[in-house]
Amino acid sequence: MTLQRRKPKRRLVPAVAGTAVAAGVLALLPSGAQAQTQTSQPSGAQADFAAAAAKYDVPLPVLMGVTREESGWQSHPGYSDKGGYGLGNLTDVTTSMLVDGAAGAGGRSDLASLVNRAGMHTLRTASKLTGIPASRLRTDRGANLEGTAALLASYQKTLTGGLSENPSDWTAAVARYSRLTDEKAATGYVDDVFGAITSGAEQKTAWGTLRLAADKAARPELSQLDKLELKSATATAGAECPSSMACTYAPVAVTGSNGQVSDRPANGIQIDRIVLHTAEGSFASALATLTATGAVASAHYLMDTDGSTTQLMPVEDIAYAVGNYHYNLHSVSIEHAGFTAQGAQWYTDATYRQTAELVTYLAQQYGVPLDRQHILGHDNVPGSLDSNLAKQHWDPGTAWDWNRFMKLLGAPTDTGRHGVGEAGSVVTIAPDFKENTQSYTVCPIDDPTGATTACGEVAQASNSLFVRQAPAADAPLLLDPNVHPSLTAGTDGISDWSDRVQAGQQFVVADRQGDWTAIWYDGQEGWIYNPCGRNTVPTTGVTVIAAVGPGAAPLYGQAYPAASEYPAGLSPSRQVALTAPGYRIPVGQAYVVDQPAAPADDFFTSGAVVKGAAKYYQAQFNNRTIYVNAADVTATEAD
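Residues numbered from 1 in each chain as written. Predicted model: local features only at pLDDT ≥ 70, side-chain atom pairs only at ≥ 80, totals over all residues. Heavy atoms only, no water.

Engineer: Could you give an account of the overall build of the protein, naming the residues involved and the relevant values?
Structural biologist: Secondary structure summary: the protein contains 15 helices and 30 strands in total. Counting the 639 residues in the protein, one finds 56% classified as buried. Considering only contacts in the protein between residues 6 or more positions apart, those separated by 24 or more positions represent 68%. Surface exposure of the protein reaches about 24,700 Å², of which carbon and sulfur atoms provide 52%. (Helix = DSSP H or I, 4+ residues; strand = E, 2+ residues; numbered from the N terminus. Buried < 20%, exposed > 50% of the residue type's maximum accessible area, 1.4 Å probe, protein only. Contact = heavy atoms within 4.5 Å. Areas by Shrake-Rupley, 256 points an atom, 1.4 Å probe, with all protein chains shown as cover.)

Engineer: Just give me the short version of the nonpolar core, but keep the residues and values in it.
Structural biologist: In terms of nonpolar packing, the biggest core is built from 50 residues, with F49 and V58 touching the most fellow members. Of all the elements in the fold, those that place two or more residues in this core are α3 (44-55), α4 (60-71), α6 (122-130), α8 (141-160), α9 (171-178), α10 (183-199) and β5 (208-212). In terms of residue count, the dominant contributor to this core is α8 (nine residues). In this structure, C241, F283, L358 and V368 belong to the second largest nonpolar core, which totals 41 residues. (Core = buried A, V, L, I, M, F, W, Y, C linked by side-chain atoms within 4.5 Å.)

Engineer: Explain the state of the cysteines to me, using residue names and the numbers behind them.
Structural biologist: Between two cysteines, a covalent bond joining their sulfur atoms is known as a disulfide. Within the structure shown, the criterion is met by two disulfides. What pairs with C241 in a disulfide is C247, and their sulfur atoms sit 1.9 Å apart. Its relative accessible area of 11% is what places C241 among the buried residues. Judged by its relative accessible area of 1%, C247 falls in the buried class. With its sulfur 2.0 Å from that of its partner, C443 forms a disulfide with C455. For the disulfide bridge between C443 and C455, the dihedral angle about the S-S bond is near 120°, and by the sign convention the bridge is right-handed. Taken together, the residues span a long stretch of sequence, with C443 in the loop between β15 (437-442) and β16 (456-461) and C455 in the loop between β15 and β16 at a distance of 12 residues. By sequence-ordered numbering of the bonded cysteines, the protein has its disulfides arranged as 1-2, 3-4. (Disulfide = S-S within 2.5 Å.)

Engineer: Before we move on, could you go through the environment of P369 and cite the residues and values that matter?
Structural biologist: Here P369 shows up in the loop between α14 (349-366) and β13 (375-377). Look at P369 and you get buried, because its relative accessible area is 16%. If we skip the residues at most four places from it in the chain, P369 touches D272, H374, I375 and Q595.

Engineer: Provide a residue-level description of empty space enclosed by the protein, including the pertinent values.
Structural biologist: The final tally for this structure, using the stated rule, is three cavities of 30 Å³ or more. As for the largest cavity, its lining consists of 13 residues, of which D379, T398, I494, W497 and R500 are closest to the centre. Per-class residue counts for the lining of the largest cavity are three nonpolar, seven polar and three charged. (1 Å grid on protein atoms, 1.4 Å probe; cavity = no way out; pocket = protein on both sides within 12 Å on 5 of 7 lines; lining within 4 Å. Points joined across faces, edges and corners; volume = space filled by probe spheres on them. Nonpolar A, V, L, I, M, F, W, Y, C, P; charged D, E, K, R; others polar.)

Engineer: Describe the confidence of the model for the protein, listing the residues and the values that go with them.
Structural biologist: Mean pLDDT over the protein: 87, with 87% of residues reaching 70 or higher. Considering only residues more than four positions removed or in separate chains, one finds that residues 1-40, a stretch of pLDDT under 50, has 64 contacts. Every residue in residues 97-111 scores below 50 in pLDDT, and together they form 38 contacts with partners more than four places removed in sequence or on other chains. (pLDDT = per-residue confidence, 0-100.)

Structure, rendered in structure tokens:
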């Protein structure tokens with residue numbers, strides 16, 4: 001039921017907590033709903049929101065909209081280099097949060113100034129305003145919401161001289177709460193908050209379902225932002241970003257060790273992939289690493305957890321980012337502040353929305369297909385040679401909600417009737433991220449934050465399904481012998497990409513048995529748990545490839561021209577098939593490609609571009625994509 005706001009009425013600060021809950025909610029309900037409320041008052045987290053809003057005379061939609069923007073209505077335990085706590089993301093940065101292992105700032109001479117930056121200690125301010133000890137503000141949900149409401153009320157009084165029951169009157173206070181100093185970034189934050197207030201929101205949480213009733217009349221009064229003396233957007237000049245983003249252009253020198261100066265796509269090198277990364281560090285530490293003299297890695301963009309973005313390299317240039325030169329040749333890389341093993345704490349609402357805005361912009365500019373073979377994680381990029389197939393990175397890992405992200409791109413991967421077809425048909429992997437809880441072993445080597453001191457099982461919402469050797473929950477996980485040469489099965493290690501499938505990836509059905517679906521995966525038949533087809537969506541319109549025969553079709557980590565096709569004076573790159581165990585498409589198996597085969601190509605620092613006659617498909621082989629010579633396979637459209 002959608003609830004409309006009543007005409008404003010004066011709020012009272014009750015003496016009894018139960019009355020506070022009722023007062024906070026009744027102020028937002030139409031009279032026809034009051035009778036129902038008397039017998040069905042909010043409880044749990046919803047009640048905590050109402051009580052905090054009533055106590056500090058903050059409109060409930062404002063409190064809920066701000067906390068949704070700050071935390072995604074998840075209670076964070078001090079994540080990121082901003083030290084945010086709880087639903088309100090109250091900040092309390094300490095020196096220990098910025099040393100090596102957490103934010104990479106150990107030994108920095110400016111450590112004290114980093115700790116004492118403006119807005120880094122809103123939790124302490126909230127403690128003074130409420131009288132609630134800082135320890136409770138960090139860990140107690142109700143206390144944290146009171147601190148958030150107290151801060152908002154304090155900002156409102158300072159900026160406007162008084163409180164109001166009209167959410168629109170709180171525009172400046174909302175912007176102040178964001179701690180953003182850039183006009184464009186602060187405006188975007190305000191727009192997001194009021195977008196939620198206007199349209200309403202509902203979300204399942206660990207404490208039950210939270211509901212923000214739609215208020216169609218609520219609109220931000222952006223003229224209020226003049227009170228904040230925000231910096232203009234002139235710092236974004238030169239940045240290749242949508243105009244609505246807070247995007248700063250701070251290019252690094254392209255030295256040959258971190259990338260190559262190029263002229264893509266004008267020189268004929270097509271940009272057809274966008275790769276998302278997790279930096280395994282804070283924004284500050286990642287920026288320091290990527291801009292250091294002699295850096296051997298790079299990225300085109302680096303995004304912080306609040307969505308603010310720095311462009312480090314022109315898109316036309318080649319960034320050494322994904323550990324595979326040919327993929328670098330055709331891709332744009334976006335790094336994110338965060339740690340893959342702690343992904344859920346770092347992949348904020350702002351990160352999803354701003355990354356989606358940037359990816360949408362880049363895809364439109366360069367014609368990048370919006371599918372999961374071209375919008376990739378670093379963990380979906382193969383090694384280029386046998387020697388590095390097992391060494392590639394595993395970020396952004398299992399905690400990145402691919403279904404949510406692809407939906408933000410307008411290319412949803414989980415819509416349509418869930419189910420599974422007969423053998424030979426195609427399915428898109430589409431588990432419900434929040435309902436798909438998986439357990440992984442996390443070890444200290446996986447977690448540079450230092451929070452993991454011993455290996456242990458961690459259950460978390462996941463974008464992935466395990467692939468097993470047989471249709472049973474106790475069957476061994478599928479083995480990639482190149483990754484685990486001394487084992488007989490895969491592992492449940494959080495960094496072990498080799499025995500799982502991710503949301504949005506597409507595979508050919510090999511068999512079905514009870515609650516289990518077999519797919520062709522990694523040159524083998526692998527089984528995923530799929531009762532009643534709940535984790536997959538039948539898919540048509542994609543191309544399925546199979547070996548021409550009589551032998552298996554070879555696979556490649558790169559797609560270079562033949563040596564004879566290089567002009568004199570240019571040293572040919574070696575185009576050789578992978579020989580690692582299992583890296584081929586056996587006769588009888590089939591795999592999915594989403595786009596036509598593209599010509600082999602290469603690039604030289606002189607600016608020379610070499611094109612080959614052979615064409616290569618990019619296929620979904622396991623959790624990673626791979627190259628296949630079109631001459632070695634047949635291609636048919638999936639019905």
